[in-house]
Amino acid sequence: MNWLRKFFDNQRRHFQPGGKWERWEFLFEPTEKFLFGWQQLTSGPPHVRDSLNVQRYMVFVILALLPCLFFGIYNVGYQGLLAAGRPAGLWPSILLGAGKVLPLVVISYAFGLGWEVLFSYVRRHPISEGVFVTAMLFPLTLPPTTPWWQVALGISFGVVIGKEIFGGTGRNFLNPALTGRAFLYFAYPVQMSGNAIWTAVAGSGRAVDAVSAATPLAVAASGTGPVEKALADAGYGFAKLFTGLYPASIGASSTLLCVAGAVFLVALGIASWRIIAGGAAGILATGWLLNLLAGPSAPAFWKLNPVFHLVMGGAAFGLVFMATDPVSAPDTHAARWIYGLLIGALTVMIRVLNPAFPEGIMLAILFGNVFAPLLDYMVVALRLKKRIPNV
Amino acid sequence: MQKIHSKRGIDFRIRGWPGERLIELDDPDRVAVPVDKLPVAKAGLLVKPGDRVRLGSVLFADKKRPWLKFLSPGAGRVSQINYGPRRVIKELVIDLDGDEKYVDFERFSLAGLRAAGRREIVDAIVAGGLWWALRRLPFRDVPDPDVVPPQILVGLAAKEPFSPLVELVLRDDPDLLRTGIEILEKLAPKVIVYTHADNHEVLRTAGDVVNLVVDGRYPADDPATVLYRTKQSASENRSWYIDYQDLLLVAGLLTTGRLPTRRIFAVGGTRAPSRVHFRSRLGVPVSHLVDIRAIEAGSRLIAGGILRGYSLEPDGFMGIFETGLAVLPANREAEFLALFRPGFNRPTNSRAFASRLRRRELEYDCGRQGPERACISCMYCADVCPVDILPQMLYKAILAQEVEEYLAHGLLDCVRCGLCSYVCPSKIELTENFEKAKMEYARQQ
């Protein structure tokens, strides 16, 4: 890689103060460091520093998301071929899915990075690496039939309104990817809700006449008999819900891969296990509580086995990848438990008790984000009370 | 014997600890008192270049507190007074002439010590120019001798890389430590002598004076951590502490009547030509402890521990408080796509590198390991803080200049251990900011 090293060494002068591209230094520096690492030395004590930096932290989150992306590509193609009545082999599915999904990912990155670069240029800040995660998370939560312009609009809203206007990564209080997702959900309900948007049918152009198949959550909400049976009748056995091989948002349907991602991120100490565990506990406890409270006349959804709430919809994806965003989550460990529990409980309540929204995880997490500072405030106040004052 | 355990902190699996060998060094041809590293507001010089001084002659005193004197650590001629930025005195250099003429101070017999009152002991230490050895928490400044502190802490432990082995220092003269502790008992109603649970030899040989055992990772053995873990009320916040090697100096001064100068230094780090202990004297030039020419280019000399010390030029001198010298690499090689490598040899406290899978010692270098970024609230800092501070919140309170809030968060309990800055993935200079805020607060007091 010496030629590359030399190339960068030769180009550096243009980006230094006085060089012709000096204002673009904020792009040159991260690219160079991304390839060759950071060579600056500590200027004072402590003289040694941990090898982990934010960049590696973000890289691991993206790595954990890649299986979801690859599965999403396959699943979108597979469902599209099935709906068109064509044989859904492995390679045809991947090819079709890649054609549907990759443009959305590319648009998300192009617009997300574009805004980040613009804000960095104006503010003379370094590029923050968080946008790479946001731009990956965002398309995975979308239906595969989302129009391209909506992807561009959604990620723009998420990055600019969800993050940049507060000062960039580290200062936002909402999860930027979810902010963009919620914006699309409320601004374009026609393309973002209902049962007809979850399959991009092969050979019929983009998003025009997608087939209509009720999502698991829609089945569960409308069922009158036992919900488990209604789900099974609609083709959603527990195993299928767990693996995620059904028409759904691009990357958020596979609970299996979300669990794998959670294990990976928790093992590396990147994601907070307290949030994930708290969220799962909140979902199970609320589901169970509804079971207990359900009288004979209660809707069937109340009596659903709570475990199903974990595998339906985007609950697992949201808990593992969205709720664990450390910036918009609370800081303290105790507050993270409460935050997780709150998100889990709200998810089930929105799903079961609110007929307007079939899925609750997105709103629950955004609600949790808003509550995070308050939770921290309370936990910190209790902690500080225990300190022997030193003034 | 009371025992306390601190859960947080870090065990550094670092290569380059000095061995147990102790090498006696001949006297260097010059010694110095590095002035800029002392807790002194402004030094008023009492000598000028060319003056002849004896061991124990007064070189300078604090202008604000004239009784706080600093004495010559050798007999000879004042050869240089070096100035740093803004005409601050950096160091006073004394060429030793070898005859070691010394100033006589009051000498106590053991019985005399026991019979002496607090005033006599204080006067003897102040006159003997060793009052600087006593430090006051939380600002680590030199205390007012007229104030009786709630307690004095003496740590027979040293976990920061690379500090001398305590047992090796104590082997010299075990009774001197006991005398020192008797002296401290004259100064304060309570003296806490503690060691680390791993220091079996210290527990065996000095177990009779140790009244507290601390267990846990660095910085469990720091006096500020020990105070935080043991204090019952806010009245103990202004406790004093003294380094055990400095206590031996005080005991030596009072029992012999002359200023002791011998001290044991540890030299460590992967770039150090020989990693051993040296017996030399106060104010020794760095070049006397390590062969500067044998050190690879692009290395950093650090006096006083790799987490809290300061870097030294090759022509520098060891400060009076510092007993450790580390030589670490300070020229990082570019590693292609290092972000994506498993990192079998990368030191870390996180779990994000493959080095965590193996229990072996690693080479640490002076690289910052990343660019400074905004805080992402990962909480790594709070998970290592030995005194339960939430460093990221304290940092934000300091940036917002919320004095009441950052004091409530425990700024003054900060141990200055450097661990929050060490683990920060955003490479924020937390410790440095805390220290600045603390010093600013101290100035306003």
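Every chain's residues receive numbers from 1 upward, in the order its sequence appears when written. By the order in which they are written, chains take letters starting at A while ligands take numbers starting at 1. Residues qualify for local features only when their pLDDT is at least 70, as the model is predicted, and side-chain atom pairs are given and counted only at 80 or more; totals for whole chains, interfaces and linings, by contrast, use all residues. Each side-chain value is worked out from all heavy atoms of the structure, with water and hydrogens disregarded.

1. Side note on the sheet that holds strand E18 (residues 310–312) of chain B
All names here are of chain B.
Here is step 1 of the chain: Strand order in this open sheet of six strands is E2-E16-E15-E19-E17-E18, and the pairing throughout is mixed. At either end of the open sheet lies a strand with only one pairing partner, and these are strand E2 (22–24) and E18. Adjacent strand axes in the sheet meet at a mean angle of 35°, parallel and antiparallel pairs treated alike.
Here is step 2 of the chain: Summarising the sheet, strand E15 (residues 262–268) and strand E16 (residues 277–281) pair through five bridges and their orientation is antiparallel. Note that in E16 the partner of Ile264 across the bridge is Arg279. Should DSSP find at least two bridges between two strands, the strands are regarded as paired. Runs of E in the DSSP output that reach at least two residues are strands. Runs of H or I that reach at least four are helices, and both are numbered from the N terminus. Under this scheme, a helix contributes an axis fitted over its contacting stretch, all axes are lines through C-alpha atoms, and angles between N-to-C directions fall in the 0 to 180 degree range.

2. Comments concerning the packing of aromatic side chains
Here is step 1 of the chain: Classification of ring pairs uses Phe, Tyr and Trp, with its six-membered ring standing for Trp, and accepts pairs whose centres are within 6.5 Å; under 30 degrees between planes counts as stacked, over 60 as edge-to-face, and the remaining range as tilted. Tallied over the entire structure, the rule returns 35 aromatic pairs over all chains.
Here is step 2 of the chain: With a centroid separation of 5.8 Å and 85° between ring planes, the pair formed by Phe7(A) and Phe8(A) is classed as edge-to-face.
Here is step 3 of the chain: Exposure is judged per residue with a 1.4 Å probe applied to protein chains only, and the accessible area is read against the type maximum: over 50% gives exposed, under 20% gives buried, and values in between give partly exposed. The exposure class of Phe7(A) is partly exposed, given its relative accessible area of 45%.
Here is step 4 of the chain: Relative to Phe321(A), the ring of Phe317(A) lies with its centre 5.1 Å away and its plane at 50°, an arrangement referred to as tilted. Placement of both Phe317(A) and Phe321(A) in helix H15 (residues 315–322) is noted, with a separation of four residues, approximately one turn of the helix. Each member of the pair, Phe317(A) as well as Phe321(A), carries the same accessibility label: buried.
Here is step 5 of the chain: Three or more aromatic residues joined by ring pairs make a cluster, and in this case those are Phe7(A), Phe8(A), Phe15(A), Trp21(A), Phe28(A) and Phe36(A).
Here is step 6 of the chain: Arg87(B) extends its terminal NZ or CZ atom over the ring of Tyr83(B), reaching a point 4.0 Å from the ring centre.
Here is step 7 of the chain: Should the NZ of a Lys or the CZ of an Arg lie within 6 Å of a ring centre and within 35 degrees of the ring normal, that charge is described as sitting over the ring. When the ring centre of Phe321(B) is taken as origin, the NZ or CZ atom of Arg135(B), which lies over that ring, is 4.0 Å away.

3. Comments concerning the pairing of strand E8 (residues 76–83) of chain B
All names here are of chain B.
Here is step 1 of the chain: Pairing between strand E5 (residues 52–53) and E8: two bridges, direction antiparallel. Note that in E8 the partner of Val53 across the bridge is Gly76.
Here is step 2 of the chain: Across seven bridges, E8 lies against strand E9 (residues 89–96) in antiparallel orientation. Counterpart to Val78 in the pairing with E9 is Ile94.
Here is step 3 of the chain: Where E8 folds back onto E9 in an antiparallel hairpin, the turn is made up of five residues, including Arg86, whose phi is positive at roughly 55°.

4. Observations regarding unusual backbone geometry
All names here are of chain B.
Here is step 1 of the chain: Cis rather than trans, the peptide bond between Leu137 and Pro138 has omega equal to 0°.
Here is step 2 of the chain: Summarising the element assignment, Pro138 is placed in the loop between strand E10 (134–136) and strand E11 (152–156).
Here is step 3 of the chain: The omega torsion of the bond from Tyr218 to Pro219 falls at 0°, within 30 degrees of zero and hence cis.
Here is step 4 of the chain: Assignment of secondary structure puts Pro219 in the loop between strand E13 (212–216) and helix H6 (223–230).
Here is step 5 of the chain: Not every positive phi belongs to a glycine, and Gln401 is a case in point at roughly 55°.
Here is step 6 of the chain: Tracing the chain through its elements places Gln401 in the loop between helix H10 (391–399) and helix H11 (403–408).

5. Comments concerning the domain arrangement of chain B
By a widespread convention, an interface's size corresponds to the accessible area lost as its parts come together.
Residues and elements named next belong to chain B.
Here is step 1 of the chain: All domain edges in this entry derive from an automatic or database-based domain assignment. Assigned domains of chain B: these are domain 1 (2–17 + 104–256) and domain 2 (371–444).
Here is step 2 of the chain: Spacing between the C-alpha centres of domain 1 and domain 2 amounts to 27 Å.
Here is step 3 of the chain: In what follows, a contact means two residues having at least one pair of non-hydrogen atoms within 4.5 Å. Each partner contributes to the interface: domain 1 provides 15 residues, whereas domain 2 provides 19 residues.
Here is step 4 of the chain: Two parts placed together each lose some accessible area under a 1.4 Å probe, and adding up what both lose gives the buried area. The largest share of the area that domain 1 buries against domain 2 comes from Arg8, Phe139 and Tyr228, three residues that together contribute 38% of it.
Here is step 5 of the chain: Salt bridge, as used here, is a side-chain nitrogen of Lys or Arg placed within 4 Å of a carboxyl oxygen of Asp or Glu. Where Lys231 meets Asp413, a salt bridge forms, and the shortest distance between an N and an O atom there is 3.1 Å.

6. A short note on the side chain of Ser156(A)
Here is step 1 of the chain: Examined against the element boundaries, Ser156(A) turns out to sit in helix H6 (residues 148–160).
Here is step 2 of the chain: According to the relative accessible area criterion, Ser156(A) is buried, its value standing at 11%.

7. Details of the nonpolar core
Nonpolar side chains tend toward joint burial in soluble globular proteins.
Here is step 1 of the chain: Counting residues in each nonpolar core, the largest one holds 153 residues, and the members touching the most others are Met312(A), Phe317(A), Phe321(A), Tyr339(A), Phe12(B), Ile306(B) and Phe434(B).
Here is step 2 of the chain: For this core, the element with the highest residue contribution is helix H3 (residues 54–83) of chain A, accounting for 13 residues.
Here is step 3 of the chain: Not counting chain neighbours up to four residues away, the residues in contact with Phe321(A) comprise Ala64(A), Leu65(A), Cys68(A), Leu137(A), Cys258(A), Gly261(A) and Leu265(A).
Here is step 4 of the chain: By size, the runner-up hydrophobic cluster in this structure holds 72 residues, among which are Leu71(B), Leu134(B), Leu248(B) and Ala251(B). Residues belong to one nonpolar core when they are buried, are Ala, Val, Leu, Ile, Met, Phe, Trp, Tyr or Cys, and are joined through side-chain atoms within 4.5 Å.

8. What about the packing of helix H12 (residues 255–267) of chain A against H15(A)?
Residue and element names in this part refer to chain A.
Here is step 1 of the chain: Direction vectors running N to C along H12 and H15 enclose 20°, while the axes themselves pass 9 Å from each other. Comparing their axes, H15 and H12 come out roughly parallel. Considering how the two elements wind past one another, H12 and H15 form a crossing that is left-handed. Of the residues in H15, those in contact with Thr255, Cys258, Gly261, Ala262 and Leu265 of H12 are Ala316, Phe317, Val320 and Phe321.
Here is step 2 of the chain: Counted by class, the contact of H12 with H15 contains seven nonpolar, two polar and no charged residues. Just so you know how the angles are binned, under 35 degrees is roughly parallel, over 145 roughly antiparallel, 65 to 115 roughly perpendicular, and the rest oblique. Two helices cross in a left-handed way if the nearer one is turned anticlockwise from the farther one by less than a right angle. They cross in a right-handed way if the turn is clockwise. Throughout, the ten residues Ala, Val, Leu, Ile, Met, Phe, Trp, Tyr, Cys and Pro are labelled nonpolar, Asp, Glu, Lys and Arg are labelled charged, and all others, Gly among them, are labelled polar.

9. Brief notes about the state of the cysteines
Here is step 1 of the chain: Only a pair of cysteine sulfur atoms within 2.5 Å counts as a disulfide in this structure description. Under the counting rule described, the total for this entry stands at zero disulfides over all chains.
Here is step 2 of the chain: With no disulfide of its own, Cys68(A) has Cys258(A) as its nearest cysteine by sulfur position, at a separation of 4.6 Å.
Here is step 3 of the chain: Of all cysteine sulfurs, the one in Cys381(B) lies closest to Cys378(B), which takes part in no disulfide; the gap is 6.1 Å.

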